[in-house]
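# Understanding the architecture of this molecule
Residue-level listing of the chains:
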Amino acid sequence: MTAILRLRPEVLDYLETTLCRLKKEHSECLMSCLLDRLSEPPLTTTLRMNLQKASADEISQKLHTVLVEQYAKRQGFQPEIYIHPQVTDCLVVNNRGPESIVMIEKEVIVDAVCGAAVLRGSDVYACGILAAPSGMQPGDVVSLYADLNGLCRRGLVKPFDGPKCFLGNGRACVSRHDIFSSERRGLGIEMIEPLYLAPSLSGVLTDLIFPQNLPSIVCVHVLDPHAGETVLDMCAAPGGKTTHIASLMKNKGHVIALDKSKNKIAKIKENLSCWGLSCVNVYCFDGTKSVSTSDGLPLTGPPPYSVHSFDRILLDAPCSGLGRRPMLSNDMSLQEVKSYPPLQKKLFQKVC
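The notes below deal with the structure included here. Fair warning: this is a prediction, and the values are worked out from it, not measured in the lab. (Residues numbered from 1 in each chain as written. Predicted model: local features only at pLDDT ≥ 70, side-chain atom pairs only at ≥ 80, totals over all residues. Heavy atoms only, no water.)

### Description of unusual backbone geometry
Applicable threshold: Elements are defined by DSSP. Helices are runs of H or I of four residues or more, strands are runs of E of two residues or more, and each kind is numbered from the N terminus.
Between A237 and the following residue, P238, the backbone shows a cis peptide bond with an omega angle of 5°. Summarising the element assignment, P238 is placed in the loop between β11 (230-233) and α7 (240-248). P304 follows P303 through a cis peptide bond whose omega is 10°. Of note, P304 is situated in the loop between β14 (291-292) and β15 (305-306). Phi at L205 takes a positive value of approximately 45°, unusual for a residue other than glycine. Checked against the element boundaries, L205 lands in the loop between β9 (187-194) and β10 (209-211). Unusually for a residue other than glycine, N251 sits at a positive phi of about 60°. Turning to its location among the elements, N251 is positioned in the loop between α7 and β12 (254-259).

### Description of the state of the cysteines
Where we set the bar: The criterion for a disulfide is a pair of cysteine sulfur atoms lying within 2.5 Å. Remark: exposure states derive from per-residue accessible area (1.4 Å probe, protein chains only) relative to the maximum for the residue type, with buried under 20%, exposed over 50%, and partly exposed in between.
Per the stated rule, a full pass over the model turns up 0 disulfides. This cysteine, C90, is not joined by any disulfide, and C219 carries the nearest cysteine sulfur, 13 Å off. Here C90 falls in the buried class, since its relative accessible area comes to 0%. Lacking any disulfide linkage, C152 is separated from the closest cysteine sulfur, that of C114, by 12 Å. Owing to a relative accessible area of 10%, C152 belongs among the buried residues under this scheme.

### Things to note about a positive patch on the surface
Counted only if it meets this: Every patch collects residues that have over 30% relative accessible area and no salt bridge, joining them within 9 Å if they carry like charges and within 5 Å if they are nonpolar side chains (Val, Leu, Ile, Met, Phe, Trp, Tyr). Surface accessibility in these figures is a Shrake-Rupley result with a 1.4 Å probe; residues are shielded only by whichever protein chains are displayed. Definition used for salt bridges: Asp or Glu carboxyl oxygen within 4 Å of a side-chain nitrogen of Lys or Arg. Here the positive residues are Lys and Arg and the negative ones are Asp and Glu; neither His nor the chain ends is included. We put the charge of a Lys on NZ, of an Arg on CZ, of an Asp on CG and of a Glu on CD.
There is a patch of like positive charges on the surface, built from K260, K264, K289, K346 and K350. Among the structural elements, K350 can be located in helix α9 (residues 334-351).

### Notes on the packing of helix α1 (residues 9-22) against α9
To describe two helices that pack against each other, one gives the angle between their axes and the distance between the axes. Threshold: Fitted lines through C-alpha atoms give the axes, limited to the stretch in contact for helices. The angle between two N-to-C directions lies from 0 to 180 degrees. What sets the label is the angle itself: under 35 degrees gives roughly parallel, over 145 gives roughly antiparallel, 65 to 115 gives roughly perpendicular, and the rest give oblique. Here a residue-residue contact requires only that any non-hydrogen atoms of the pair lie within 4.5 Å. Under the scheme applied, nonpolar residues are Ala, Val, Leu, Ile, Met, Phe, Trp, Tyr, Cys and Pro; charged residues are Asp, Glu, Lys and Arg; polar residues are all the others, including Gly.
At their nearest, the axes of α1 and α9 sit 8 Å apart, and the two run at 45° to each other. One way to sum up the angle between α1 and α9 is to call them oblique. On α9, the residues that touch E10, V11 and Y14 of α1 are L334, V337 and K338. Residue composition of the contact of α1 with α9, grouped by class: 4 nonpolar, no polar and 2 charged.

### Digging into the sheet that holds strand β8 (residues 164-172)
Short version of the rule: Pairing between two strands requires that DSSP report at least two bridges joining them.
The mixed open sheet is built from 6 strands, whose spatial order is β5-β9-β8-β7-β4-β6. The open sheet is flanked by β5 (124-125) and β6 (129-131), the only strands paired with a single partner. Where β5 meets β9, 2 bridges bridge the pair, whose relative direction is antiparallel. Paired with Y125 across the bridge in β9 is L187.

### Observations concerning helix α6 (residues 214-223)
Short version of the rule: Read the arc as the range of directions from the helix axis to the C-beta atoms.
Here α6 has its buried residues at I217, V220 and L223. The arc that holds the buried residues of α6, viewed along the axis, is 120°, so those residues lie on one side. Turned more than 90 degrees from where α6 packs its buried face, P215 and V222 sit exposed. In the core, the buried residues of α6 are packed alongside β1 (44-49), β3 (90-94), β11, α7 and β16 (312-314). Of the residues trailing α6, D224 is marked for its positive phi of about 60°.

### A word on the sheet that holds β1
Strands pair in a sheet through their backbones, by hydrogen bonds, and they do so in one of two ways: parallel or antiparallel. Taken together, the 4 strands give an open sheet; going across it, the order is β2-β3-β1-β10, and neighbouring strands pair in antiparallel fashion. A strand with exactly one partner marks an edge of an open sheet, and here the two such strands are β2 (81-83) and β10. Each strand axis lies, on average, 30° off the axis of its neighbour in the sheet, ignoring direction. Pairing geometry for β2 and β3, over 3 bridges, is antiparallel. Within β3, the position partnered with Y82 by the bridge is V92.

### As for the packing of aromatic side chains
Aromatic ring pairs are described here by two measures, namely the spacing of the ring centres and the angle between the planes. Selection criterion: Between rings of Phe, Tyr and Trp, where Trp is taken as its six-membered ring, a pair exists when centres lie within 6.5 Å; planes separated by under 30 degrees are stacked, by over 60 edge-to-face, and by other angles tilted.
Counted by the stated rule, this structure contains 2 aromatic pairs. Taken together, a centroid distance of 5.5 Å and an interplanar angle of 55° make the contact between Y145 and F166 tilted. Of this pair, Y145 sits in strand β7 (residues 141-147) while F166 sits in strand β8, and the two are 21 residues apart along the sequence. The exposure class of Y145 is buried, given its relative accessible area of 7%.

### Remarks on α7
Counting buried positions along α7 gives 8 out of 9 residues, so the element sits mostly inside the fold. Within α7 the residues assigned to the buried category are G240, K241, T242, T243, H244, I245, A246 and S247.

Keep in mind these values describe shape, not function.
This is how it looks when you write it as structure tokens:
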């Protein structure tokens, strides 16, 4: 079946009511179209380049070489890569699909999160596999499906008859026995005929490119940080915008990056290290308590700081993430969805 984003009924009702208030005519049709589009991958993949280490042309050529080899295993298409005409530190890769693919009798079922990653170009790791046919061995060609409603029991042998969507065909890298007899890690299925062709970027040129949606890249250009300035990134994880700020400042100045999750702090530091950026101090701290109206607070340690201490402040407030594409399933409650606007207002009030 064709995927369409599954939401809790109360969340769907809330969004439909909101859309109806904004646009009374054809709101039901628009909502259906919106959910359908959210379940599809975007037409392009955008990557921010580390122009402190190499030129845009050099990075583009290196990526092209990687993707030519990668795409040769996936229907043999030639990658289409270009530098964005307005955002010159952004590389764009054109995606393709949906392709016309003949389904195979042998079926492998993955969870919805894994399915969404496959639609964005990923192969399948063993930990995401829920069901596989009896006797599946390395080298077997199988059709891959995503379980849309979370109904597939892990280890299922017989064909799964619940709601599912086709993702393409792949080649098994491990046997069924190895997948389910232990906590198997590593690659499980290599996609050879994906429904949507997009680059698989895990571990690819990590010191030169950072996969990032175009609006996220553009917003730091709007912030327009300069070398020598002092900049605060209030909700920094996973660090994409933080590395962008430091890069545009040519690693000269002072950037303070905050996030209240210790696990996410480690990821920010990892990304900064990978890109060779040293002008950033990272702290585990709640952004709602990070700035004060008091003057004279030092910038040499952790928050709070005086709001007047910064030349620029970036606030990318936490949100529901309901606009991420593709998304096949979301189990967020209405209470969770409604929890974000008050937090966003609280953060904005701190810096306005």
